[in-house]
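# Examination of the molecular architecture
In case you want the letters, here they are:
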Amino acid sequence: MNSITHYSYCPACGSSSINPVLTAKDYTVSGQNFAIWRCDNCSLRFTQDAPDANKIGDYYKSENYISHSNISKGIINRLYQVIRKKTLRQKRKLIFKLTHKKSGELLDVGSGTGAFVNEMKENGWRVVGLEPDPGARRIAQEVFNCELKNVHELFRLPANSFDVITLWHVLEHVHDLQNYLRHLKNLLRQDGRVIIAVPNYTSYDASVYKEYWAAYDVPRHLYHFSPLSMNLLIEKNEMKVIDYKPMWFDSFYVSLLSAKYKNQRPKWLGATWVGFLSNLKAASDVRKCSSVIYIVSK
């Protein structure tokens, strides 16, 4: 049985005009190289010949994969934990602002170790958290007393039952891309919002680090979005992007990791400068940010 996913057409728009653009290395788990291709029609980049849904789990099995391990060893991981506390508050405030609600029904897809689910529950929201990794679900139970469901439960949830659906750096991991988006629309209430945060390969920091850019994160990241490709993908699934929000911290964290991959160790001053310049260039247009939050409605 074939254990890889090979595309003869773009997984976002369906165009057959696709070509290889670069090769990136998996620095987190396997050390393997993976080809990244680009669609000439919608500008999506995607990981060609990535492990299929049955094999991809092996590439998450590392304590270095921080969103599933909750570790604080090493200065970059400690920095991640400090920043996460601040970004959790920002995410909560964004949801309050978008919905004008202090409580409601929220679905979080790809909850990791449960920090965001816990943040929203502690602030009055009723939350369903879905996470495919059993190790991460166990940590969520131990650390936050949050019971996350297996991600397969997504297709058993009732229609029109959520005010907000969040995917924080999750959509780039989903094999069944089109089906997922169609189903998320079905789960969303008429005036609800889907919040999708993904890395942006058209950012300045991505252009500096090229194949070393940490947010390619092959093969776990199956797709590498641009604002254009995300808009076309959302429209294809009969929804619309109504706003964009920046994730300012990502440029610094990703630049530090990228510099580490490129130079075998972090280049703190240089990486910080790249992160600063990336945010400066995105100040007038958040669609140029290292990671972009897409606010989506029906």
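Residues numbered from 1 in each chain as written. Predicted model: local features only at pLDDT ≥ 70, side-chain atom pairs only at ≥ 80, totals over all residues. Heavy atoms only, no water.

Let us look at the packing of helix H8 (residues 248-263) against helix H9 (residues 268-282). Remark: H8 packs on H9, axes separated minimally by 8 Å, with the N-to-C direction vectors making an angle of 145°. The chirality of how H8 crosses H9 is right-handed. Contacts between H8 and H9 involve Trp248, Ser251, Phe252, Ser255, Leu256 and Ala259 on the former and, on the latter, Trp268, Ala271, Thr272, Val274, Gly275, Phe276, Ser278, Asn279 and Ala282. Split by residue class, the contact of H8 with H9 holds nine nonpolar, six polar and no charged. (Axes fitted to C-alpha atoms, helices over the stretch in contact; angles between N-to-C directions. Helix = DSSP H or I, 4+ residues; strand = E, 2+ residues; numbered from the N terminus. Left-handed = near helix turned anticlockwise from the far one by under 90°. Contact = heavy atoms within 4.5 Å. Nonpolar A, V, L, I, M, F, W, Y, C, P; charged D, E, K, R; others polar.)

Turning next to the nonpolar core. Counting 45 residues, the largest nonpolar core has Leu107, Val109, Ile165, Leu167, Leu171 and Ile196 as the members making the most contacts within it. Secondary-structure elements contributing two or more residues to this core are strand S3 (33-39), strand S6 (105-109), strand S8 (162-168), helix H5 (177-187), strand S9 (188-199), helix H7 (227-236), strand S11 (240-246) and strand S12 (291-297). Sequence-distant contacts of leucine 167, defined by excluding residues within four places in its chain, comprise Val109, Leu184, Val194, Ile195, Ile196 and Ala197. (Core = buried A, V, L, I, M, F, W, Y, C linked by side-chain atoms within 4.5 Å. Buried < 20%, exposed > 50% of the residue type's maximum accessible area, 1.4 Å probe, protein only.)

What follows concerns the pattern of salt bridges. For the structure shown, the criterion picks out eleven salt bridges. Glutamate 238 is the partner of lysine 185 in a salt bridge, and the nearest nitrogen-oxygen pair spans 3.2 Å. Of this pair, lysine 185 sits in helix H5 while glutamate 238 sits in the loop between H7 and S11, and the two are 53 residues apart along the sequence. You can call lysine 185 partly exposed: its relative accessible area is 22%. Here aspartate 285 makes a salt bridge to arginine 287, at a shortest N to O gap of 3.0 Å. Note on arginine 287: relative accessible area 37%, which makes it partly exposed. (Salt bridge = Lys/Arg side-chain N within 4 Å of Asp/Glu carboxyl O.)

Along any regular strand the residues' side chains alternate between the sheet's two faces. Of all seven residues in S8, seven are buried, a share of seventy percent or more. Note: S8 against S9, six bridges, orientation parallel. Looking across to S9, one finds that valine 164 is bridged to arginine 193. (Pairing = 2+ DSSP bridges.)

Next up on the list: the sheet that holds S9. The strands making up a sheet are joined through hydrogen bonds of the backbone, oriented either antiparallel or parallel. Here six strands make up an open sheet; going across it, the order is S7-S6-S8-S9-S12-S11 and the pairing mixed. For this open sheet the edge positions go to strand S7 (126-130) and S11, each flanked by a neighbour on one side alone. Taking the axes of each pair of neighbouring strands and ignoring which way they run, one obtains an average angle of 20° across the sheet. Pairing of S6 with S8, which is carried by three bridges, proceeds in the parallel orientation.

Read from one edge to the other, the open sheet built from four strands follows the order S2-S3-S4-S10, with strand pairing classed as antiparallel. The sheet is open, and its two borders are formed by strand S2 (18-25) and strand S10 (223-224), each paired with just one other strand.

Let's shift gears to the packing of aromatic side chains. Counted according to the given criterion, the structure contains nine aromatic pairs. Here the aromatic rings of tyrosine 27 and tyrosine 261 are separated by 4.3 Å at their centres, their planes lie at 5°, and the arrangement is stacked. Note that tyrosine 27 is positioned in the loop between S2 and S3 and tyrosine 261 in helix H8, a separation of 234 residues in sequence. Its relative accessible area of 14% is what places tyrosine 261 among the buried residues. Where phenylalanine 34 meets tyrosine 59, the ring centres are 6.2 Å apart and the plane angle is 80°; that geometry is what we call edge-to-face. (Phe/Tyr/Trp six-rings, centres within 6.5 Å; stacked < 30°, edge-to-face > 60°.)

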